[in-house]
Amino acid sequence: EVVRLTATGNATFAGNVGINGGGVVHPLEVSGGHIQLDVNKSLTWAGNYSHVYGDGANTTGWLMFYTSDTLRMKITGDGKVGIGTGSPDNLVHIFKASAGSVNADANLDLVIEDDSDTGIQLLTPNANYGRIYFGDASSASQGRIVYGGSNVSTAADRNAMMFHAGGGSERMRIDSSGNVGIG
């Protein structure tokens, strides 16, 4: 028996199933088309702990990703991405825990929220620089904050923090000894 069809319309296949294609090597292969789920349906892996769930009922539809049966990421209909939250405040919202009854500044694209110390870390090899750039319509590098790794080629830049402004020119430096140079 290769195919079993029940009175309720369920089908069981003893082997791989191909739709619109040949040379099927996986349990289910779809070629030359799309797989469409009904509204509020999900793709679920065995055990029902990991799934992708979507609501495409209208233009405000969303897509949610779950692992260990916990919401990990949501993409809203207006393009906001929430990591750890189903209600992102801004374009990208990384949520670990609530910071309290505070709303993110609507003019900023990235929100990182926690109920404790929060930060962003840039990791680079010892022979390289870590950088944050600030730009505008006239230049992608109007200002920047630069940190020199412990083994960069320029000795004066090693373990130094440099601040650039006014077209990207260095305006202030804190060297590895804590000395501050301005100008």
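Not measured: the values here are computed from a predicted model.

A. Spatial organisation of the overall build of the protein chain. Each helix and strand in the protein chain was counted, giving 0 helices and 16 strands. Computed over the C-alpha atoms, the radius of gyration of the protein chain is 26 Å, more than 25% above the 16 Å expected from 2.2 N^0.38 for a compact globule of 183 residues. C-alpha extents for the protein chain along the principal axes are approximately 85 × 45 × 35 Å. Sorting the 183 residues of the protein chain into buried and exposed places 19% on the buried side. Relative to all contacts within the protein chain whose residues are 6 or more apart in sequence, the contacts with residues 24 or more apart total 6%. Carbon and sulfur atoms make up 52% of the accessible area of the protein chain, which amounts to about 12,900 Å² in all. Side chains of the protein chain give 11 positive and 17 negative charges; the mean places of these two sets differ by 6 Å.

B. Molecular detail of the packing of aromatic side chains. Summed over the entire model, instances satisfying the criterion amount to 1 aromatic pair. Pairing Tyr-53 with Trp-62 gives two aromatic rings, centres 5.4 Å apart and planes at 40 degrees, and the pair type is tilted. A relative accessible area of 23% places Tyr-53 in the partly exposed class.

C. Region of the structure containing the environment of Lys-74. Inspection of the secondary structure puts Lys-74 in strand 8 (residues 70–75). Between the alpha carbons of Lys-74 and Gly-86 there is a distance of 5.6 Å; along the sequence they are 12 residues apart. If near-sequence neighbours (up to four positions away) are discounted, Lys-74 is found in contact with Trp-62, Leu-63, Met-64, Lys-80, Val-81, Gly-82, Thr-85 and Gly-86. Separated by 3.3 Å, the side chain of Lys-74 and the backbone oxygen of Gly-86 make a polar contact.

D. View of the sheet that holds strand 8. If you walk across this open sheet you meet the 7 strands as 5-6-7-8-9-10-11, and the pairing is mixed. Edge positions in the sheet fall to strand 5 (41–44) and strand 11 (110–113), since each of these pairs with one other strand and no more. Ignoring strand direction, the axes of neighbouring strands in this sheet form an average angle of 15 degrees. Inspection of the sheet shows strand 9 (residues 81–83) paired to strand 10 (residues 92–95) by 3 bridges, in the parallel sense. Note on strand 10: the bridge partner recorded for Gly-82 is His-93.

E. Focus on the pairing of strand 7 (residues 62–67). Judged from the 5 bridges that link them, strand 6 (residues 51–55) and strand 7 form a sheet pairing that is antiparallel. Residue Gly-54 lies in a different strand from strand 7, and its bridge partner there is Leu-63. The pairing of strand 7 with strand 8 spans 5 bridges and is classified as antiparallel. Following the sheet pairing, Tyr-66 is matched in strand 8 by Leu-71.

F. How the structure looks around the confidence of the model for the protein chain. Residues of the protein chain with pLDDT of at least 70 account for 98%, and the chain-wide mean is 89. Element-level mean pLDDT values for the protein chain span from 80 in strand 4 (residues 28–30) up to 97 in strand 9.

G. Examining the sheet that holds strand 15 (residues 169–174) more closely. Taken together, 5 strands build an open sheet; the order of strands is 12-13-14-15-16 and the sheet is antiparallel. In this open sheet, the two edge strands, each paired with only one partner strand, are strand 12 (129–136) and strand 16 (180–182). Adjacent strand axes in the sheet meet at a mean angle of 20 degrees when their direction is disregarded. Two elements, strand 13 (residues 139–148) and strand 14 (residues 161–165), share 4 bridges in a ladder whose sense is antiparallel. Residue Arg-144 lies in a different strand from strand 14, and its bridge partner there is His-164.

Analysis parameters
- Residues numbered from 1 in each chain as written.
- Predicted model: local features only at pLDDT ≥ 70, side-chain atom pairs only at ≥ 80, totals over all residues.
- Heavy atoms only, no water.
- Helix = DSSP H or I, 4+ residues; strand = E, 2+ residues; numbered from the N terminus.
- Rg over C-alpha atoms; globule rule 2.2 N^0.38 Å.
- Buried < 20%, exposed > 50% of the residue type's maximum accessible area, 1.4 Å probe, protein only.
- Contact = heavy atoms within 4.5 Å.
- Areas by Shrake-Rupley, 256 points an atom, 1.4 Å probe, with all protein chains shown as cover.
- Lys, Arg positive; Asp, Glu negative; His and termini not counted.
- Charge placed at Lys NZ, Arg CZ, Asp CG, Glu CD.
- Phe/Tyr/Trp six-rings, centres within 6.5 Å; stacked < 30°, edge-to-face > 60°.
- Polar contact = N/O pair within 3.5 Å; in protein donor to acceptor, adjacent residues only side chain to side chain.
- Pairing = 2+ DSSP bridges.
- Axes fitted to C-alpha atoms, helices over the stretch in contact; angles between N-to-C directions.
- pLDDT = per-residue confidence, 0-100.

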